[in-house]
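Coordinates in review
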Amino acid sequence: LPGDHPLARRRKVALAELAPLPMVLLDMPPSRDYFTSLFLKCGLKPDIRFRSPSFETVRGMVASGLGVSLLVTRPAGDLAYDGQGIACRPLADAVEPGHIVLARLAQARPTRLVETFAAHCRAYFAGEIGGE
């Protein structure tokens, strides 16, 4: 949300509150399909006014007041590159989570680094270790 948007004062925001607002869509697979499906599964149609394949362009457009957006990644700060504020709020709706897959070619022998990374990912997503 733009930093000064009325919904920015809320702790959580419902999809029904976002649907009628101008939306800036992160237009790249699989994000575009995932975000639009969240609305459609609730019987809502988002008012997509702008599209961009750039995460930071979407954040900049939102900070400039051109619309709202949904993103699954949250940078450390709540400022766009131009210094304007962004308010990040979780959705109030229970939504289907995205899936993360770690894959490699069956015939490719994993290096020790790849095996270590895969083990770390499994432990992290199993809740055995915290994020750094």
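Everything here concerns the structure above.
Now for a description of the structure that goes with this document. These figures come from a predicted structure and were not determined experimentally.

Side note on the overall build of the protein chain
A count of helices and strands for the protein chain gives 4 helices and 2 strands. Along its sequence from the N terminus, the protein chain presents helices and strands in the succession α-β-α-β-α-α. Taken along the three principal axes of its C-alpha coordinates, the protein chain extends 50 × 35 × 25 Å. Looking at the protein chain as a whole, 29% of its 132 residues are labelled buried. Residue pairs at least 24 apart in sequence account for 60% of intrachain contacts in the protein chain once pairs closer than 6 positions are excluded. In the protein chain, which carries 16 positive and 13 negative side-chain charges, the distance between the mean positions of the two groups comes to 3 Å.

Here's the deal with the nonpolar core
By size, the foremost hydrophobic cluster in this structure holds 20 residues, and its most contacted members are Leu1, Leu18, Phe35, Phe39 and Leu70. Elements with a minimum of two residues in this core: helix H1 (15-18), strand E1 (22-26), helix H2 (31-41) and helix H3 (55-63). The biggest single contributor to this core is E1, with 4 residues.

Focus on the pattern of salt bridges
Taken as a whole and assessed by the stated rule, the structure comprises 7 salt bridges. Note that Arg10 and Glu17 form a salt bridge whose closest N and O atoms lie 2.3 Å from each other. Since its relative accessible area comes to 37%, Arg10 is described here as partly exposed.

Looking at the packing of aromatic side chains
Following the criterion strictly, the structure yields 2 aromatic pairs and no others. On the numbers, 5.0 Å between centres and 90° between planes, the contact of Tyr124 with Phe125 is edge-to-face. Tyr124 sits in the partly exposed class, given a relative accessible area of 36%. On the basis of relative accessibility, which here comes to 54%, the residue Phe125 falls in the exposed class.

Concerning H3
In an α-helix, one turn spans 3.6 residues, which is why side chains three or four residues apart end up on the same side. When H3 is considered as a whole, its buried residues turn out to be Val58, Arg59, Gly60, Met61, Val62 and Ala63. Looking at the buried residues of H3, the elements they touch are E1 and strand E2 (47-52). After H3 finishes, the residue Gly65 shows a positive phi value of roughly 85°.

Re the environment of Ile48
For Ile48, the location among the structural elements is in strand E2. Once the C-alpha coordinates of Ile48 and Ala19 are considered, the two residues, 29 residues apart in sequence, prove to be 8.9 Å apart. Apart from the residues within four sequence positions on either side, Ile48 is in contact with Met23, Leu25 and Thr36.

Observations concerning the pairing of E2
Looking along a regular strand, one sees the side chains alternate between the two faces of the sheet. Where E1 lies against E2, 5 bridges are found, and the strand directions are parallel. Bridge pairing in E2 places Leu25 opposite Arg51. For the crossover that starts at E1, traverses H2 and ends in the parallel E2, the hand is right-handed.

Conventions we followed
Residues numbered from 1 in each chain as written. Predicted model: local features only at pLDDT ≥ 70, side-chain atom pairs only at ≥ 80, totals over all residues. Heavy atoms only, no water. Helix = DSSP H or I, 4+ residues; strand = E, 2+ residues; numbered from the N terminus. Buried < 20%, exposed > 50% of the residue type's maximum accessible area, 1.4 Å probe, protein only. Contact = heavy atoms within 4.5 Å. Lys, Arg positive; Asp, Glu negative; His and termini not counted. Charge placed at Lys NZ, Arg CZ, Asp CG, Glu CD. Core = buried A, V, L, I, M, F, W, Y, C linked by side-chain atoms within 4.5 Å. Salt bridge = Lys/Arg side-chain N within 4 Å of Asp/Glu carboxyl O. Phe/Tyr/Trp six-rings, centres within 6.5 Å; stacked < 30°, edge-to-face > 60°. Pairing = 2+ DSSP bridges. Right-handed = clockwise from strand over helix to strand, strands pointing away.

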